[in-house]
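# Fold and contact review
Each chain, letter by letter, is given below.
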Amino acid sequence: MAARVFSGVQPTGNIHIGNYLGALKQFVDLQTGNDCIYCIVDLHAITVPKDPSELNSAILDVAALYLAVGLDPGKSIVFVQSDVSGHAELSWILMCNSYTGELSRMTQFKDKSRGNESAPTGLFAYPVLMAADILLYDTDVVPVGNDQKQHIELTRDIAIRVNNKYGEDTFVVPEGRFLKEGARIMALDDPTAKMSKSAENPHSSISLLDDEGKIKKSIMRATTDSDGEIRFDPGSKPGVSNLITIYGAFAGMGAADVEREWAGRGYGDFKKALVEVTIDSLRPIQERYAEIRSSGDLITTLKDGAERAGAIAEKVMVRVKDRFGLGAAG
Ligand code: ATP
Ligand code: LTN
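Residues numbered from 1 in each chain as written. Chains lettered and ligands numbered in written order. Predicted model: local features only at pLDDT ≥ 70, side-chain atom pairs only at ≥ 80, totals over all residues. Heavy atoms only, no water.

## With respect to the packing of helix α9 (residues 212-220) against helix α12 (residues 267-293)
At a minimum axis separation of 9 Å, α9 and α12 run at an interaxial angle of 145°. The crossing of α9 and α12 is right-handed. In this structure, α9 contributes E212, I215, K216, I219 and M220 to the contact, and α12 contributes G268, K271, K272, L274, V275, T278, I279, L282 and R283. Among the residues forming the contact of α9 with α12, the class breakdown is 7 nonpolar, 2 polar and 5 charged. (Axes fitted to C-alpha atoms, helices over the stretch in contact; angles between N-to-C directions. Helix = DSSP H or I, 4+ residues; strand = E, 2+ residues; numbered from the N terminus. Left-handed = near helix turned anticlockwise from the far one by under 90°. Contact = heavy atoms within 4.5 Å. Nonpolar A, V, L, I, M, F, W, Y, C, P; charged D, E, K, R; others polar.)

## Let's talk about the site of ligand 2
Around ligand 2, the structure places 13 residues, and the nearest of them are H44, Y126, M130, D133 and Q148. At 2.7 Å from a nitrogen atom of ligand 2 is found a side-chain nitrogen or oxygen belonging to Y126. Residue D133 places a side-chain N or O atom 2.7 Å away from a nitrogen atom belonging to ligand 2. For ligand 2, whose accessible area on its own is 360 Å², the fraction buried by protein is 90%. For the shell around ligand 2, the secondary-structure elements that each account for two or more residues are β1 (4-9) and α7 (121-135). A per-element tally of the shell around ligand 2 places α7 first, with 4 residues. A class-by-class count of the residues in the shell around ligand 2 yields 7 nonpolar, 5 polar and 1 charged. (Near = heavy atom within 4 Å. Polar contact = N/O pair within 3.5 Å; in protein donor to acceptor, adjacent residues only side chain to side chain. Areas by Shrake-Rupley, 256 points an atom, 1.4 Å probe, with all protein chains shown as cover.)

## Quick word on the pairing of β1
Most of β1 sits inside the fold, with 5 of its 6 residues counted as buried. One ladder, built from 6 bridges, connects β1 with strand β2 (residues 35-40); its direction is parallel. Paired with R4 across the two strands is D35, which belongs to β2. Once you follow β1 into helix α1 (residues 17-30) and on to β2, the crossover reads as right-handed. (Buried < 20%, exposed > 50% of the residue type's maximum accessible area, 1.4 Å probe, protein only. Pairing = 2+ DSSP bridges. Right-handed = clockwise from strand over helix to strand, strands pointing away.)

## Details of the nonpolar core
Generally speaking, soluble globular proteins have nonpolar side chains that are buried together. Membership of the largest hydrophobic core comes to 63 residues, with the highest contact counts inside it found for L24, Y66, L208 and Y247. In contact with L208, not counting residues within four places along its chain, are I15, H16, I17, Y20, L24, L65, V69, L282 and Q286. (Core = buried A, V, L, I, M, F, W, Y, C linked by side-chain atoms within 4.5 Å.)

Quick look at the structure:
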């Protein structure tokens, strides 16, 4: 039987090559042979205050990028989270079945709140909403980058906890899917930190929509080391290893093949080749993006996606409410 696949991306900042190589590429590959649902998680985005019109256009930007990288609405369901009310509804039920202790241990919460007393409660509850996204669709597989491992573990813990209490078939217990190559792309200016949408230095990441000049500058400036050898060794050569990972992911090669191809050559030439392969990989995505973003069909695709997703979610909500004894229908 086809596996149910679910994943989501926040409509915040520019989608970068870390998001693409760690997550979006998997979304596309999984479309064949599986039953895929891909979401733009706008409710997650408001854990940090957003300007409404900017948020709305960011939602459409990510939707257009989804389609531009190869998600096909004929094969997958593509929709916006807040268009299906079950996400927020299930999230409350799961909140009542998660512990403040386990949520306090989430590294993303600790990083983003930094002990600030006025950090929004939504930031604290963020992983529970993510668990609701996943469990609302009886999901088997969740393709994500490595940074989401802890959130997937929490989702599994909550599902198992509820199943033990309310019946084994209340929730499907999902598995994360993490790539070997690309699951964690590091920042170009600091290869000990992950490439992030929120970094201050624009040259720390490459957005899928960056122009050629920006791509070139960011790569040529990327931090390396002084020993000059193109060798994959993330422990002692994090900068060069990150560039090898990116090169390999775009060129369809493993790290060992990249090392072999570049043995005995210098960083300058390697960086120039990386600029080429990055530009060549992003060009077709950018061309499709421009077309899709300006077409009126985008909204129709998202509305249709929300209807299809909503029909699946509704059935799961009926089951969950029944198990919990919620509602008048009984
Ligand atoms: P950021 O931390 O960059 O601000 P995020 O992780 O909060 O962004 P999302 O848009 O929600 O951003 O992430 C979308 C997907 O991209 C997730 O599956 C996430 O694991 C993956 N991802 C994010 N950063 C990286 C990275 N540096 N390398 C690989 N995958 C990544
Ligand atoms: N927390 C994720 C985004 C996200 C997600 C999901 C990913 C929200 N809901 C459900 C997979 C499945 C992040 O990448 N920051």
